[in-house]
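What follows is the residue order along each chain.
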Amino acid sequence: MLPKPTGTHPDTAGSLVRYLAFFRADVRRKLDGLEPDALRTTVLPSGWTPLELLSHLVHMERRWFVWGFLGEPLPDPWGDQGPDGRWSTTDSPESLLARLEAGAVRTESVLREHPLDARAALGGRFDADPPTLHAIGFHVLQEYARHAGHLDVVRELVDGAVGEDASA
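Residues numbered from 1 in each chain as written. Predicted model: local features only at pLDDT ≥ 70, side-chain atom pairs only at ≥ 80, totals over all residues. Heavy atoms only, no water.

Peer 1: I'm lost on helix α4 (residues 93–113) in this one. Help?
Peer 2: It helps to recall that an α-helix has 3.6 residues per turn; residues three or four apart then point in one direction. Given a rise of 1.5 Å per residue, 21 residues ought to cover 30 Å, and the 30 Å separating the end C-alpha atoms of α4 matches this to within 8%. Listed in full, the buried residues belonging to α4 are Pro93, Leu96, Leu100, Gly103, Ala104, Thr107, Val110 and Leu111. Burial along α4 is one-sided: seen end-on, the buried residues are contained in an arc of 130 degrees. Away from the buried face of α4 by more than 90 degrees, exposed residues Glu94, Val105, Arg112 and Glu113 are located. Buried residues along α4 sit in contact with α1 (12–32), α2 (36–39), α3 (50–69) and α5 (133–159). (Helix = DSSP H or I, 4+ residues; strand = E, 2+ residues; numbered from the N terminus. Expected span 1.5 Å × (residues − 1). Buried < 20%, exposed > 50% of the residue type's maximum accessible area, 1.4 Å probe, protein only. Arc of directions from axis to C-beta. Contact = heavy atoms within 4.5 Å.)

Peer 1: Would you explain the packing of α1 against α5 in this entry?
Peer 2: Relative placement of two packed helices is described by the angle separating their axes and the distance separating the axes. It is the contact of α1 with α5, at a shortest axis distance of 9 Å, that shows an interaxial angle of 20 degrees. Here α1 is positioned roughly parallel relative to α5, judged by the angle of their axes. Read as a crossing pair, α1 and α5 show a hand that is left-handed. Two secondary-structure elements touch here, α1 through Thr12, Leu16, Tyr19, Leu20, Phe23, Arg24, Asp26, Val27, Arg29, Lys30 and Leu31 and α5 through His134, Gly137, Phe138, Val140, Leu141, Tyr144, Ala145, Ala148, Leu151, Asp152 and Arg155. Of the residues belonging to the contact of α1 with α5, the class tally is 13 nonpolar, three polar and six charged. (Axes fitted to C-alpha atoms, helices over the stretch in contact; angles between N-to-C directions. Parallel < 35°, antiparallel > 145°, perpendicular 65-115°, else oblique. Left-handed = near helix turned anticlockwise from the far one by under 90°. Nonpolar A, V, L, I, M, F, W, Y, C, P; charged D, E, K, R; others polar.)

Peer 1: Sorry if this is basic, but what is going on with the side chain of His56 here?
Peer 2: As for its placement among the helices and strands, His56 is situated in helix α3. A distance of 2.8 Å separates polar atoms of two side chains, one belonging to His56 and the other to Asp80. Not counting residues up to four positions away in its chain, the partners in contact with His56 are Arg63, Asp80, Trp87, Glu143 and His147. (Polar contact = N/O pair within 3.5 Å; in protein donor to acceptor, adjacent residues only side chain to side chain.)

Peer 1: I'm lost on the packing of aromatic side chains in this one. Help?
Peer 2: For any pair of aromatic rings, geometry is given as the distance between the ring centres together with the angle between the planes. Applying the stated criterion to the full structure yields four aromatic pairs. Residues Trp48 and Trp87 carry aromatic rings whose centres are separated by 5.8 Å and whose planes lie at 55 degrees to one another, so their mutual orientation is tilted. Separated by 39 residues along the polypeptide, Trp48 in the loop between α2 and α3 and Trp87 in the loop between α3 and α4 bring together distant segments of the chain. When the ring of Trp67 is compared with that of Trp78, the centres are 6.0 Å apart and the planes differ by 90 degrees; the resulting orientation is edge-to-face. Note that Trp67 is positioned in helix α3 and Trp78 in the loop between α3 and α4, a separation of 11 residues in sequence. The class for Trp67 is buried, based on a relative accessible area of 16%. Sitting over the face of the ring of Trp64, Arg125 holds its NZ or CZ atom 4.0 Å from the ring centroid. (Phe/Tyr/Trp six-rings, centres within 6.5 Å; stacked < 30°, edge-to-face > 60°. Lys NZ or Arg CZ within 6 Å of the ring centre and 35° of its normal.)

Peer 1: Before we go on, may I ask you to explain α5 in this structure?
Peer 2: A rise of 1.5 Å per residue sets the reference length of α5, with its 27 residues, at 39 Å; its end C-alpha atoms lie 38 Å apart and thus fit the reference within 8%. Listed as buried for α5 are Leu133, Ile136, Gly137, Val140, Leu141, Glu143, Tyr144, His147, Ala148, Leu151, Val154 and Arg155. Once α5 finishes, Gly160 follows within two positions and takes phi at roughly 80 degrees, a positive value.

Peer 1: Which parts of the structure should I look at to understand the pattern of salt bridges?
Peer 2: Between side chains of opposite charge, a pair can form as their charged atoms come close. Inspection of every chain in the model, using the stated rule, returns 11 salt bridges. Its salt-bridge partner being Glu108, residue Arg24 comes within 3.9 Å of it at the nearest N-O pair. Here Glu108 lies in helix α4 and Arg24 lies in helix α1, a separation of 84 residues in the sequence. Under the relative-accessibility criterion, Arg24 is labelled buried at 2%. Here Arg106 ties to Glu72 by a salt bridge, and the two come within 2.5 Å at their closest N and O atoms. Here Arg106, found in helix α4, pairs with Glu72, found in the loop between α3 and α4; they are 34 residues apart in sequence, far enough to count as distant. Bridged by salt links that share partners, the residues Asp26, Arg29, Lys30 and Asp152 form one connected network. (Salt bridge = Lys/Arg side-chain N within 4 Å of Asp/Glu carboxyl O.)

Here is the structure:
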């Protein structure tokens, strides 16, 4: 169940961790109900598949927290994109889900070990005017929420499941 906002919550980093965990679990739940062929088949005019969306989320989170905030080099920060710039993957669902989980552990560590007003390191994703960890955290949260909504549409088109029933 989605964490409920309750009054003034002094632990913004903890709230980000909880909401990100909720949306990661929501994405996993929506993918779990799809047949293997449906994971690699598009039903939308934009052309992406559910597995490509999962790959995008894995890479997006790393781009923002590891390469972006920490400034650590990544061998292929845009690994979710094919030569034409569209989402692409040849990875298995199991591999991507394991990487999603590993990324979650890393993100949670970053959010708990750094102040939210800390600026991202220069030299990774950012060469000037880096955003704060707070801004990065909320950007990644909106990416997850938006793409979970996209998966709602995919599930409705594929098997009629909607909203919270998308894995039923």
